[in-house]
Amino acid sequence: MIGVIVASSILLFSAVGLGYFAARKIPLLLLYPLKEEGNSPKEVFKRILGRVRESRAMHQVASPDLLLQNLLSKTRIAALKTESKTAQVLEKMRKKSQEKNGNSKFTDDYWKKLRRKKV
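Residues numbered from 1 in each chain as written. Predicted model: local features only at pLDDT ≥ 70, side-chain atom pairs only at ≥ 80, totals over all residues. Heavy atoms only, no water.

How do you make sense of the overall build of the protein chain when you look at a structure like this?
Of regular secondary structure, the protein chain possesses 5 helices and 0 strands. Reading the helices (α) and strands (β) of the protein chain from amino to carboxyl end gives α-α-α-α-α. Within the span of the protein chain, comprising 119 residues, buried residues form 1% of the whole. Carbon and sulfur atoms make up 64% of the accessible area of the protein chain, which amounts to about 12200 Å² in all. (Helix = DSSP H or I, 4+ residues; strand = E, 2+ residues; numbered from the N terminus. Buried < 20%, exposed > 50% of the residue type's maximum accessible area, 1.4 Å probe, protein only. Areas by Shrake-Rupley, 256 points an atom, 1.4 Å probe, with all protein chains shown as cover.)

Printed below as a string of structure tokens:
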């Protein structure tokens, strides 16, 4: 029962406080102009669109020739990097294969030695 009374009193005091602040601030808010110049969504959109049109990236995309050149050069760079990595992997594999073949347990005279031991 006491909890309900405390909660109700807190609700009442907070509602009175909000009403007080609203009564003090509403006259100040009414003094502001309804529409400020330069801040309408349409004007903000126009400014953003103008910046996008002037950007360096837009100039590169606007010309199909430049776009194709950039795309081909990036593709060539990626192909060269891939080729380089592939060559490195192949070289490592060849070295491992040579090490494996060079240090094998079966030499040319292995079978001769094995036959001598049996006899």
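Would you mind showing me how to read helix H1 (residues 2-31) here?
The periodicity of an α-helix, 3.6 residues per turn, causes residues three or four places apart in sequence to face the same way. Here H1 contains 30 residues, and its C-alpha end-to-end distance of 45 Å stays within 8% of the 44 Å for a straight helix at 1.5 Å per residue. Maximal helix bending in H1 amounts to about 30 degrees, located at lysine 25; proline proline 27 follows within four positions. (Expected span 1.5 Å × (residues − 1). Bend = angle between axes of the 7 residues up to and from the residue.)

What's the story with a nonpolar patch on the surface in this structure? I'm lost.
Nonpolar side chains collect at one region of the surface, where Val44, Ile48, Val52 and Met58 lie side by side and expose about 300 Å² of accessible area between them. Here valine 44 shows up in helix H2 (residues 41-54). For valine 44, a relative accessible area of 32% gives the class partly exposed. (Patch = residues over 30% accessible without salt bridge, like charges linked within 9 Å, V, L, I, M, F, W, Y side chains within 5 Å. Salt bridge = Lys/Arg side-chain N within 4 Å of Asp/Glu carboxyl O.)

I'm lost on the confidence of the model for the protein chain in this one. Help?
Of all residues in the protein chain, 87% attain a pLDDT of 70 or more, and the chain-wide mean is 84. Within the protein chain, the element-level pLDDT minimum falls on helix H3 (residues 56-62), averaging 68, and the maximum on H1, averaging 93. (pLDDT = per-residue confidence, 0-100.)

Is there a simple way to explain a positive patch on the surface in this structure?
Taken together, the side chains of Lys85, Lys92, Lys96 and Lys100 define a basic patch exposed on the protein surface. Tracing the backbone through its elements, the reader meets lysine 100 in helix H4 (residues 64-102). (Lys, Arg positive; Asp, Glu negative; His and termini not counted. Charge placed at Lys NZ, Arg CZ, Asp CG, Glu CD.)

Would you explain the pattern of salt bridges in this entry?
Side chains that differ in charge, positive against negative, can pair when their charged atoms come close. Tallied over the entire structure, the rule returns 1 salt bridge. Here lysine 95 makes a salt bridge to glutamate 91, at a shortest N to O gap of 3.7 Å. Here glutamate 91 and lysine 95 lie together in helix H4, a separation of 4 residues that amounts to about one turn.

What is the right way to look at H2 in this model?
When the terminal C-alpha atoms of H2 are compared, their 20 Å separation across 14 residues agrees well with the 20 Å that a helix rising 1.5 Å per residue should span. Among the 14 residues of H2, 0 are classified as buried, and the element is accordingly described as predominantly exposed.

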